Amino acid sequence: MNAEPEPFLRIKLTADGDAPFTVMFEPSGMTYDLGGGQFMLADVVNPYGNELEIDHWQGGVSVWAPGAVITRDAEGAELHRLN
């Protein structure tokens, strides 16, 4: 018997052109540095509520997701599980 997959919200975060870019996930403070044109994925597992907050700061963004987050590289391989 196959279990139903958990509902999730996928976020794709991309660095523009040749500008390096930092993504920080709050409240854990985990950071990822992306080179120009690189991207990463973040899956918000079992999201609650309907608000995703993204704060821009010089050189990057902070992401406050409504639930636990699984970060993934551009190929979709799991990097970290953040609660």
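Residues numbered from 1 in each chain as written. Predicted model: local features only at pLDDT ≥ 70, side-chain atom pairs only at ≥ 80, totals over all residues. Heavy atoms only, no water.

Chemist: Talk me through the overall build of the protein chain; I want residue IDs and the actual numbers.
Modeler: Secondary structure assignment for the protein chain yields zero helices and eight strands. Each helix and strand of the protein chain, ordered N terminal to C terminal, gives the series β-β-β-β-β-β-β-β. Across the 83 residues of the protein chain, 33% fall into the buried class. In the protein chain, 50% of the contacts between residues at least 6 apart in sequence involve partners at least 24 apart. Put simply, the protein chain shows about 5500 Å² of open surface, and 51% of that area lies on carbon and sulfur atoms. In the protein chain, 4 side chains carry a positive charge and 13 a negative one; their mean positions are 9 Å apart. (Helix = DSSP H or I, 4+ residues; strand = E, 2+ residues; numbered from the N terminus. Buried < 20%, exposed > 50% of the residue type's maximum accessible area, 1.4 Å probe, protein only. Contact = heavy atoms within 4.5 Å. Areas by Shrake-Rupley, 256 points an atom, 1.4 Å probe, with all protein chains shown as cover. Lys, Arg positive; Asp, Glu negative; His and termini not counted. Charge placed at Lys NZ, Arg CZ, Asp CG, Glu CD.)

Chemist: Can you lay out the environment of Leu-9 for me, pointing to particular residues and giving the numbers?
Modeler: Examined against the element boundaries, Leu-9 turns out to sit in strand E1 (residues 8–14). Those residues in contact with Leu-9 that sit more than four places away from it in its chain are Ala-42, Asp-43, Val-44 and Pro-47.

Fair warning: the whole summary comes from geometry, so function is off the table for now.
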